[in-house]
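Here is what each chain is made of, one letter per residue.
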Amino acid sequence: MKKQFLIVSALACLFASKNSFSQEKNEKVESLDEIIITATKFETNKKNIGKIVYKITQETIQNSAGKTVLDLLNDVPGVEINGNFSTKGQNLGYYIRGGRNRQVAILINGVNVNDPSSFAGDFDLRQIDIQQIESIEVLKGAASTLYGSGAATGVINIILKKASKKQFNGVFTSNIGSNSSSENNSLSAEEFSTNFNFNGTLNKVDYLLSLNANGSRGLSAAENKDSTKPFEEDIFARQNMLLKVNYALNSKLSFGFFASIDEFSTDFDGFNFDPVTFVSSPADKNNNLSSTQNRGGFNLDYTYEKGSLKLRTFVTDINRRETPSNDFFNGEVLGFDVFNHYKFNNEISVLAGITSQFQDMKQQTSFSQIEKGAGKQHFFDPYFSVNYFSDFGFTFNAGTRLNVHSEYGENVVFNVNPAYNFTINTDSKVKLFASYSTAFVTPTLSEIFSKLPSIDELLPEEDITIETGFELIFSPKFSMNSTFFYREETNKIGYDPTTFQTINDVGTFFARGIESEISYKPLKKVSVLANFTHINRAENLLLKIPKNTFFMKVDYQLFPDTFTAISYRFVDETKDFGNVNLASYNLVDFFINHQVLNGKVTFFGNITNIFNENFQEIAGFTTRGRNYNVGLKINL
């Protein structure tokens, strides 16, 4: 209670101080005219969206040199990336509003990239480099109407970097840093990253080519209880290539393609099991996971007087192998998404589309053998939404989707989302909103074909989300928002502990909470952002998910060419499997970057976990202590 009181007090004090500093009218911390894509699938002013959509902008990315995609997402209220403060090869948990990986849809340029051959059905966010990204949009709540299976608690849409209008633009970035635990602090450079990014426009063709490599060593995944004898270090290495080319035939029609190759290899540790008590404990193991993901696709965009038509096709081939077990997993996805946005007038528009995927997998493990062709499924999803943007502030969005699945027949989802904007005075604006949305999560291929033989059929998970909230713009310097949500999950996928096979976990499970954020610019050179999240659900479903989190960041433009930031994070205590307590922790980080030669060269650096906090995200596994990172960015 004392910790919660301190958090709420900090937010209250920040709110109360909104008029204590001078305000510069030409500098805004928030704009309801910001353009958002993910909430409607077409470009929409933020004021016309009946939800809070968090956008990580290019400016934020540029000011966060040395950070990763995971670091930036972890700063968003309601998003918890478990494993981000551990070794680079640690399994990641994407916990949005008390949900799990399978309930989060991850998109790249609007295309779903989740892996149906994995148990969690997720996309490994380590596979994309921050230098390839223009912006990231995070839409929370059930969104299956637009994005289908898996969009039950949220959607993360990664929008790739735009090509320069110049014929050639190049960026080279490289950085090194330490990688040590709080108990065995070391200044040795054990972590590195290098990125080449080339882009430009040649007549009607624009292109983006990005090459990246990074790696780390120095830390063991598992933590020895005897800190004087750390386990053997676990090495992580990753390479990535991304190519995107677009051709504008004329002002109305353009088409293009993209291709990416992502490879990584990581050592990882495991567990020792007591054959009598079945109690497990982390242990130093010589395991290795290697992964290769190949993606490609074709896109077409056609704009006409009343709207636009878009086509997205994609193909994915994913291979994962573990040693010394020699377990092998292969997943293949072929799909398309075509949708048309039509505007009747400035107030009413409709979106109609159809998406489909054909999925196949191969799996060879000590527990199951699935031959290629034996683990297939496919679906066709027509969907429709209507949008109303009145000239007096009222907006309304409603939609529905029919999922026609080869294994589960037909499922229908829908959403209703009214909102109202009004103006208090010249500088103050208010948006009130509410929504009722349903969603579904179909079992992954790995789950379907690894089910307990006595189970006739695994049931798809059904979800309901109700939310209401507000967004306030008090002045060009000060804004805040808050959202209350309530979720229900029915028919979760479970596991039989003796056979490690999937079963139906029949029942209804709830989650509810609140997310709040404040943005404030007290001085021309100072910006403050603070957010707080509270999650409430059954203890057995809250494993690794903290009830309360608080994040605060202060940006300071020290000199015209020097940007600094300091952040504070509080993560509440929680539990892990086996009823193991994970204590709360506090992290303080510092970032700085300095530009020279008219911005062509940027030096950057950071110190993370300044006070060397000793904590665990996962019971028995190592986290990073105080570490530094320094780097260089050159615009060619």
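### Description of the nonpolar core
No. 1: Of all hydrophobic cores here, the largest spans 32 residues; its most connected members are Leu73, Leu125 and Ile136.
No. 2: Elements represented by at least two residues in this core include exactly strand 3 (53-56), helix 3 (69-74), strand 4 (79-82), strand 5 (93-96), strand 6 (104-108), strand 8 (133-140) and strand 9 (154-160).
No. 3: With four residues, the top contributor of residues to this core is helix 3.
No. 4: In this view, Leu125 contacts Val69, Leu70, Leu73, Tyr94, Ile106 and Ile158; residues no more than four positions away in its chain are not counted.
No. 5: Grouped together as the second largest cluster of nonpolar side chains are 16 residues, Ile36, Leu107, Val155 and Tyr383 included.

### Brief notes about the packing of aromatic side chains
No. 1: A full pass over the atoms with the stated rule returns 20 aromatic pairs.
No. 2: Ring centres of Tyr302 and Tyr304 lie 6.0 Å apart, and the angle between their planes is 25°; on these two criteria the pair is classed as stacked.
No. 3: An angle of 85° between the planes, with centres 5.0 Å apart, marks the rings of Tyr342 and Phe344 as edge-to-face.
No. 4: In this structure Phe344 comes out as partly exposed when scored by relative accessible area, which is 47%.
No. 5: Here Lys41 stacks its cationic end above the ring of Phe339, 4.7 Å away from the centre of that ring.
No. 6: For the cation-ring pair, Arg100 lies above Tyr95, with the distance from its terminal atom to the ring centre recorded as 4.9 Å.

### Observations concerning a nonpolar patch on the surface
No. 1: Together, Val315, Leu334, Ile354, Phe358, Phe380 and Val404 make up an exposed nonpolar region whose accessible area comes to about 460 Å².
No. 2: Among the structural elements, Ile354 can be located in strand 18 (residues 348-364).

### Points about the sheet that holds strand 3
What holds strands together in a sheet is hydrogen bonding between their backbones, with the strands either parallel or antiparallel.
No. 1: Ordered by their spatial adjacency, five strands build an open sheet running 3-8-9-6-7, and the pairing between neighbours is mixed. Taken across any chain shown, the strands that pair with only one partner, and hence form the sheet edges, are strand 3 and strand 7 (111-112).
No. 2: Judged from the two bridges that link them, strand 6 and strand 7 form a sheet pairing that is antiparallel. Its bridge partner being in strand 7, Ile108 is matched across the sheet by Val111.

### Some remarks on the pattern of salt bridges
No. 1: Counted by the stated rule, this structure contains 25 salt bridges.
No. 2: Arg320 is the salt-bridge partner of Asp115, the closest N and O atoms lying 2.8 Å from each other. Of the two residues, Asp115 is situated in the loop between strand 7 and strand 8 and Arg320 in strand 16 (residues 307-323); the sequence distance between them amounts to 205 residues.
No. 3: Note on Asp115: relative accessible area 6%, which makes it buried.
No. 4: Between Lys492 and Glu489 there is a salt bridge, with the nearest N and O atoms lying 3.0 Å from each other. Comparing Lys492 with Glu489 shows no difference in burial state: the two are buried.

Cut-offs applied
- Residues numbered from 1 in each chain as written.
- Predicted model: local features only at pLDDT ≥ 70, side-chain atom pairs only at ≥ 80, totals over all residues.
- Heavy atoms only, no water.
- Core = buried A, V, L, I, M, F, W, Y, C linked by side-chain atoms within 4.5 Å.
- Buried < 20%, exposed > 50% of the residue type's maximum accessible area, 1.4 Å probe, protein only.
- Helix = DSSP H or I, 4+ residues; strand = E, 2+ residues; numbered from the N terminus.
- Contact = heavy atoms within 4.5 Å.
- Phe/Tyr/Trp six-rings, centres within 6.5 Å; stacked < 30°, edge-to-face > 60°.
- Lys NZ or Arg CZ within 6 Å of the ring centre and 35° of its normal.
- Patch = residues over 30% accessible without salt bridge, like charges linked within 9 Å, V, L, I, M, F, W, Y side chains within 5 Å.
- Areas by Shrake-Rupley, 256 points an atom, 1.4 Å probe, with all protein chains shown as cover.
- Salt bridge = Lys/Arg side-chain N within 4 Å of Asp/Glu carboxyl O.
- Pairing = 2+ DSSP bridges.

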